[in-house]
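The residues making up each chain are set out below.
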Amino acid sequence: MSSIAVNRSTSLKPRPSDDQLQFGTVFTDHMFVMDYSEGKGWHDPRVQPYQPFAMDPATAVLHYAQAVFDGCKAYRGGDGVIRFFRAEKHAERLNQSCERLCIPQLDPAMILESFQALVKVDQDWVPRKRGTSLYLRPTVIAAEPFLGVRPAKSYLYFLILSPVGPYYAEGINPVKILATDTYVRAVKGGTGAVKTAGNYAASIYAAEEAKHQGYTQVLWLDGVEHKYLDEVGTMNIMVKIGDEVITPPLSGSILPGVTRDSILSLCRDWGLKASERQISIDEVVAAARGGTLAEMWGTGTAAVVSPVGELGYKGEKIIINQGKTGPLTQKLYDAIVAIQYGETNDAKGWMSVLR
Ligand SMILES: *Cc1c(COP(=O)(O)O)cnc(C)c1O
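All values reported here derive from a predicted model rather than from experimental measurement.

1. Remarks on the overall build of the protein chain
Thought 1: If you tally the helices and strands in the protein chain, you get seven helices and 18 strands.
Thought 2: What you see for the protein chain is a C-alpha radius of gyration of 21 Å, in line with the 20 Å of a compact globule of 355 residues.
Thought 3: Across the 355 residues that make up the protein chain, the buried fraction comes to 52%.
Thought 4: The long-range fraction of contacts in the protein chain, counting pairs at least 24 apart against all pairs at least 6 apart in sequence, stands at 71%.
Thought 5: Carbon and sulfur atoms form 52% of the exposed surface of the protein chain, whose accessible area is close to 15800 Å².
Thought 6: With 37 positive and 38 negative side-chain charges, the protein chain shows a separation of 2 Å between the mean positions of the two kinds.

2. Overview of the pattern of salt bridges
Thought 1: Applying the stated rule across the entire model yields 19 salt bridges.
Thought 2: Lys-176 is the salt-bridge partner of Glu-310, the closest N and O atoms lying 3.9 Å from each other. Taken together, the residues Glu-310 in strand E16 (residues 304-313) and Lys-176 in strand E9 (residues 175-180) connect sequence positions 134 residues apart.
Thought 3: What makes Lys-176 partly exposed here is its relative accessible area of 39%.
Thought 4: Between Lys-211 and Glu-208 there is a salt bridge; the shortest N-O distance is 3.4 Å. Note that Lys-211 and Glu-208 are positioned in helix H4 (residues 197-212) at a spacing of three residues, about one turn of the helix.
Thought 5: Judged by its relative accessible area of 34%, Glu-208 is partly exposed.
Thought 6: Among the charged side chains, a network of salt bridges with common partners joins Glu-244, Lys-273, Arg-277 and Glu-283.

3. A short note on the site of the ligand
Thought 1: As a structural note, the neighbourhood of the ligand is formed by 15 residues, with Lys-195, Tyr-200, Glu-231, Thr-259 and Thr-301 the closest of them.
Thought 2: Separating an oxygen atom of the ligand from a side-chain N or O atom of Lys-195 is a distance of 2.7 Å.
Thought 3: Between a nitrogen atom of the ligand and a side-chain N or O atom of Glu-231, the distance comes to 2.5 Å.
Thought 4: Taken by itself the ligand offers 380 Å² of open surface, and the protein chains cover 95% of this.
Thought 5: Only helix H2 (87-100), strand E12 (235-241) and helix H5 (258-269) provide two or more residues apiece to the shell around the ligand.
Thought 6: Across the shell around the ligand, the residue classes tally to four nonpolar, seven polar and four charged.

4. Focus on unusual backbone geometry
Thought 1: Phi at Asp-44 takes a positive value of approximately 55 degrees, unusual for a residue other than glycine.
Thought 2: Mapping Asp-44 onto the fold places it in strand E3 (residues 41-49).
Thought 3: The class for Asp-44 is partly exposed, based on a relative accessible area of 44%.
Thought 4: The phi torsion at Cys-102 lies on the positive side, around 55 degrees, for a residue other than glycine.
Thought 5: In this structure, Cys-102 sits in the loop between H2 and helix H3 (108-121).

5. Some thoughts on helix H7 (residues 327-340)
Thought 1: For H7, spanning 14 residues, the distance from its first C-alpha to its last is 20 Å, which sits close to the expected 20 Å at 1.5 Å a residue.
Thought 2: If you check which residues of H7 are buried, you get Leu-328, Thr-329, Leu-332, Ala-335, Ile-336, Val-337, Ala-338, Ile-339 and Gln-340.
Thought 3: A positive phi of about 70 degrees marks Gly-342, the residue just after H7.

6. Details of the environment of Lys-314
Thought 1: By the secondary structure assignment, Lys-314 is in the loop between E16 and strand E17 (316-319).
Thought 2: Residue classification places Lys-314 among the exposed residues on the basis of a relative accessible area of 63%.
Thought 3: Between the C-alpha atom of Lys-314 and that of Thr-180, which follows or precedes it by 134 residues, the distance is 8.3 Å.

7. Observations concerning the nonpolar core
Thought 1: Counting 47 residues, the largest nonpolar core has Phe-115, Val-119, Leu-136, Val-140 and Tyr-157 as the members making the most contacts within it.
Thought 2: Once residues lying within four places of it in the same chain are set aside, the contact partners of Tyr-157 are Phe-32, Val-33, Met-34, Trp-42, Leu-94, Leu-106, Ile-111, Ser-114, Phe-115, Pro-138, Thr-139 and Val-140.
Thought 3: With 25 residues, the next largest nonpolar core counts Tyr-75, Val-258, Ala-335 and Val-337 among its residues.

8. Here we look at the side chain of Arg-93
Thought 1: Relative to the assigned elements, Arg-93 resides in helix H2.
Thought 2: Under the relative-accessibility criterion, Arg-93 is labelled buried at 5%.
Thought 3: When residues no more than four places from it in sequence are discounted, the contact partners of Arg-93 are Asp-70, Gly-71, Lys-195, Leu-255, Pro-256, Gly-257 and Val-258.

9. Regarding a nonpolar patch on the surface
Thought 1: A cluster of nonpolar side chains, namely Phe-53, Met-55 and Leu-62, defines an oily patch on the protein surface of about 260 Å² accessible area.
Thought 2: Note on placement: Met-55 falls in the loop between E3 and helix H1 (60-64).

10. Concerning the domain arrangement of the protein chain
Thought 1: Each assigned domain of the protein chain is listed here: domain 1 (5-164) and domain 2 (175-340).
Thought 2: Computed from C-alpha atoms alone, the centre-to-centre distance between domain 1 and domain 2 is 28 Å.
Thought 3: In this complex, domain 1 contributes 22 residues to the contact, which on the side of domain 2 involves 20 residues.
Thought 4: Joining domain 1 to domain 2, the criterion identifies one salt bridge.
Thought 5: When the shortest N-O distance is used, the salt bridge between Arg-86 and Asp-261 registers 2.8 Å.
Thought 6: Counting the contacts that link domain 1 with domain 2 gives twelve residue pairs in polar contact (both at pLDDT 80 or more).
Thought 7: Going through the elements one at a time, strand E4 (67-69), strand E5 (72-76), strand E6 (82-85) and H2 are the ones with two or more residues in the side of domain 1 that touches domain 2.
Thought 8: Of all the elements, H2 adds the most residues to the side of domain 1 that touches domain 2, at six residues.

Calculation rules
Residues numbered from 1 in each chain as written. Predicted model: local features only at pLDDT ≥ 70, side-chain atom pairs only at ≥ 80, totals over all residues. Heavy atoms only, no water. Helix = DSSP H or I, 4+ residues; strand = E, 2+ residues; numbered from the N terminus. Rg over C-alpha atoms; globule rule 2.2 N^0.38 Å. Buried < 20%, exposed > 50% of the residue type's maximum accessible area, 1.4 Å probe, protein only. Contact = heavy atoms within 4.5 Å. Areas by Shrake-Rupley, 256 points an atom, 1.4 Å probe, with all protein chains shown as cover. Lys, Arg positive; Asp, Glu negative; His and termini not counted. Charge placed at Lys NZ, Arg CZ, Asp CG, Glu CD. Salt bridge = Lys/Arg side-chain N within 4 Å of Asp/Glu carboxyl O. Near = heavy atom within 4 Å. Polar contact = N/O pair within 3.5 Å; in protein donor to acceptor, adjacent residues only side chain to side chain. Nonpolar A, V, L, I, M, F, W, Y, C, P; charged D, E, K, R; others polar. Expected span 1.5 Å × (residues − 1). Core = buried A, V, L, I, M, F, W, Y, C linked by side-chain atoms within 4.5 Å. Patch = residues over 30% accessible without salt bridge, like charges linked within 9 Å, V, L, I, M, F, W, Y side chains within 5 Å. Domains from an automatic or database assignment.

Structure follows, in structure tokens:
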């Protein structure tokens with residue numbers, strides 16, 4: 001593996017206080033960059049001052065969205081130790097996204113090295129207050145200047161870091177979501193299972209419509225029958241009906257969330273029945289009418305879990321658990337957060353320490 005050159009910034013930015021942090025608005029002093037060109041492969045890994053890219057207007061990514069990314073977090077525990085949550089899993093997924101977009105994969109060890117090297121240089125930016133964290137955004141884009149639809153011959157990998165506040169300023173708060181039977185996010189055979197830029201561009205219109213109707217997120221139904229639950233916003237979706245936790249299976253149209261995987265694993269450890277199976281919106285509505293729809297929540301890196309207090313569908317409003325965070329949702333949140341801040345035994349080996 002080639003060694004990483006480090007060029008430190010000579011003028012450091014002012015850092016916001018932990019209480020002011022939001023999501024994705026401030027970035028640290030440095031960035032990690034690595035180039036790919038045909039014949040040479042991935043080369044010149046380096047840490048350099050955070051700065052804009054100069055780009056030819058014909059650069060392929062700007063026109064045809066040959067771009068993938070991932071998102072994971074580093075946490076500073078009460079013991080002062082900085083830990084990454086399931087970094088290997090995120091590196092692996094970035095490579096899966098690359099494969100689907102015909103982008104040459106990276107050495108997974110180099111992806112992890114980039115996390116280590118950049119967070120090491122910018123470690124003072126990892127906030128201290130419990131609930132805050134450092135968000136890592138590894139990204140790969142087509143860098144070749146040309147017009148035409150084919151894989152580019154050159155690429156750029158970059159990693160940027162953003163200190164982020166707690167997703168919920170005053171404890172976890174239920175959201176209102178709207179199931180849409182007009183728009184779809186993904187279909188089997190499409191790109192719904194990978195983190196590629198175009199998926200998000202295509203989702204904004206439906207999200208805006210939902211916002212105008214007073215909802216925070218869209219509940220995406222399957223792309224063929226508009227019947228089965230897929231995802232909620234940019235999170236995986238889970239429902240608890242009676243004693244069963246149900247989440248849609250990884251059948252090609254949903255993102256294989258790392259949080260989803262972690263939560264399924266905890267549920268099974270706790271002896272709960274956790275099913276990965278198709279679940280229709282009609283089954284959810286029927287359970288709500290029958291009084292067995294206990295809880296519903298989204299899962300993702302940003303929020304860990306996001307309880308759903310209200311579901312809108314075909315003009316009807318379904319209130320879940322009286323609009324409050326359910327006990328299992330809260331228990332899952334507490335368990336994962338305790339692992340992330342190094343407060344409980346990391347029995348599953350999910351955390352890796354900043355060296
Ligand atoms: C990132 C993402 C998720 C959640 O994945 P995590 O690995 O848990 O953060 C779910 N759905 C979509 C569409 C996403 O982009």
